[in-house]
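# Overview (structure and organization)
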Amino acid sequence: FVENSADAVQQAAGDEKHISIHLQYASDIDGAVRRLKNIVVADNGIGMNSDKMKYILGHIGNSEKVQMALKGEKGIGILAFSMVAEELHIASTDTDGTPSSCLVLKRPWLKIGKAEVVERCSRHTHYRRGTVVYLEDILPEVADKLTKERLKEYLGREFANDLMQGFYAMSISDNHEFEPVPPKRYRGIRAMSTVMSLGKFGSVTVDLHVLPWDMADATVSLYGRGGTRVCLLTDLEDFRALPWIDKRLEGYIRCDNLKRTADKTAVVPDQVYQAFVAELYRIEPEVREMIDRISASSLERRFEVVLGKTGRLVDRFLRYRERGLLADLPYRSRRLRKVAAAAGDKEESTPSAGRSSGRRDPAGVHSLNLRLYSPPEEKAQSRSWFDRDSGCICVNREHSEFLLSQREDARCIRYLFTIWVKESLLEEYGSDAEKLADEMVGRLSEAEPLLW
């Protein structure tokens, strides 16, 4: 019914187009528990007169929308009320100042093919152009699922394209003030926003965002006419490959002239669809380059932040180790660690006993010089190496362990700390592998309270 409202307002003249959804609750006999009683969907679209209502009842399954590529393509939407409510009342008028007529359907009537069109309904009459749908006596088995928050999230996702572009406003209420339904907001960096021509087949709107690293829920949605989502782009066989399946990519693509399948879950592979596929294939190299470039740039900026935190950790570790304080550090629980982090860890801000707060301890001047590098062929399997010319510890940005660690700041800090330990011990002990391994285990064990 919201899809039909979206169709109606897009066909109507005027600027202030709106759709509202009102959840009406009733209290149980004792007044203690509220239950969903009715749902009202209203719009200020093109509306209908009584003749149009009678025509609809006589032509279910043969809707004029099939040729218009609108969302309510098969004309069977009004029968869907029986999955949600006991009764359906549609009050509508196509002219301001003219009283609405009312189409009435009830679940028991469906078995005998009965329906009514009431010229002047005593319960549901309005005089402004548009349609108000009343779903009355919501079925108990679905009432608990139709909450305001769930519907708000669902509508914001399904109609995101139109809501973002301001084609109409949508609001929802549950017996309180109406709240706007916000469109789903995409994360990451907006990287591509363009309209591409399909010639005589219309156009394609592309709005893509790039995330700095993989996100399991990152998707690209395909929208059709009216701003409703048809499916995920990767649900279509032609797009089950990179870059579209890259989990660093999310956003939407809209093509109004695509024809949806009867179940509205995919699109018909006609000439429009073939032109659509060809145009998206054309931009694939640009999308791939865009993902890699933005992701790498974001990673570099984030790595600088992580590197700074790692440097402070190394500095702190050296000072604590110099004073023999590591053995006295409590192994804090995860909850207490979060509290300490939020408080800024007072151990750091309070001068240690016997240390002047105005003088930096010599043990803390050890500088951390870590940099990310793509490894030369001979070091492809190395986690890191020391470059004597620059005095820099080179971290292999392509190593699987680094790629795994960089998704989480804390894990990345611990990984970089172990790299520092490895390289500093190699500098100190050279090729004495046995002593190196022993010392490395010892230092990591000492640092465990700090690492966690």
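Described in the following lines is the structure provided in the data block.

One pass over the structure, following the stated rule, counts 18 salt bridges. Between D137 and K37 there is a salt bridge; the shortest N-O distance is 2.4 Å. Placement of D137 in strand β6 (residues 130–138) and of K37 in strand β2 (residues 34–43) is noted, with a sequence separation of 100 residues between them. Judged by relative accessible area, D137 falls into the partly exposed class, the value being 28%. K37 sits in the partly exposed class, given a relative accessible area of 27%. For D256, the salt bridge is made with R254, and the minimal N-O distance between the two is 2.6 Å. You can call D256 partly exposed: its relative accessible area is 26%. The class of R254 is buried, set by a relative accessible area of 5%.

To continue, consider the sheet that holds strand β14 (residues 370–373). The strands making up a sheet associate through backbone hydrogen bonding, with each pair oriented either parallel or antiparallel. What the 3 strands build is an open sheet, ordered β14-β16-β15; its pairing is mixed. Across the chains shown, the open sheet's two edge strands, defined by having one partner strand only, are β14 and β15 (384–387). Put simply, the sheet's adjacent strands are angled 35 degrees from each other on average, direction ignored. As paired elements, β14 and strand β16 (residues 392–396) share 4 bridges and run parallel to each other. Looking at the pairing, L372 lines up with V395 of β16. Sheet strands in contact with helix α12 (residues 409–429) are β14, β15 and β16, and its direction is about 50 degrees off that of β15.

Attention now moves to the nonpolar core. Counting 33 residues, the largest nonpolar core has I19, I21, I39, I138 and M170 as its most contacted members. In contact with M170, other than residues within four places in its own chain, are V2, I19, I21, L155, F159, L163, E179, P180 and V181. Residues V220, I253, C255 and V267 belong to the second largest nonpolar core, which totals 31 residues.

This paragraph deals with the packing of aromatic side chains. Applying the stated criterion across every chain, the model contains 9 aromatic pairs. With 5.6 Å between their ring centres and 45 degrees between their planes, F417 and W420 make a pair best called tilted. Of the two residues, F417 and W420 both sit in helix α12, 3 residues apart, roughly one turn of that helix. Accessibility expressed as a relative area gives 0% for F417, which makes it buried. A residue is classified by how much of its surface remains accessible, and W420, at 3% relative accessible area, is buried. Put simply, the rings of F239, W244, Y273, F276 and Y281 pair up and form one aromatic cluster. One residue, K114, lies across the ring of W109, its end atom 4.5 Å from the ring centre.

Analysis parameters
Residues numbered from 1 in each chain as written. Predicted model: local features only at pLDDT ≥ 70, side-chain atom pairs only at ≥ 80, totals over all residues. Heavy atoms only, no water. Salt bridge = Lys/Arg side-chain N within 4 Å of Asp/Glu carboxyl O. Helix = DSSP H or I, 4+ residues; strand = E, 2+ residues; numbered from the N terminus. Buried < 20%, exposed > 50% of the residue type's maximum accessible area, 1.4 Å probe, protein only. Pairing = 2+ DSSP bridges. Axes fitted to C-alpha atoms, helices over the stretch in contact; angles between N-to-C directions. Contact = heavy atoms within 4.5 Å. Core = buried A, V, L, I, M, F, W, Y, C linked by side-chain atoms within 4.5 Å. Phe/Tyr/Trp six-rings, centres within 6.5 Å; stacked < 30°, edge-to-face > 60°. Lys NZ or Arg CZ within 6 Å of the ring centre and 35° of its normal.

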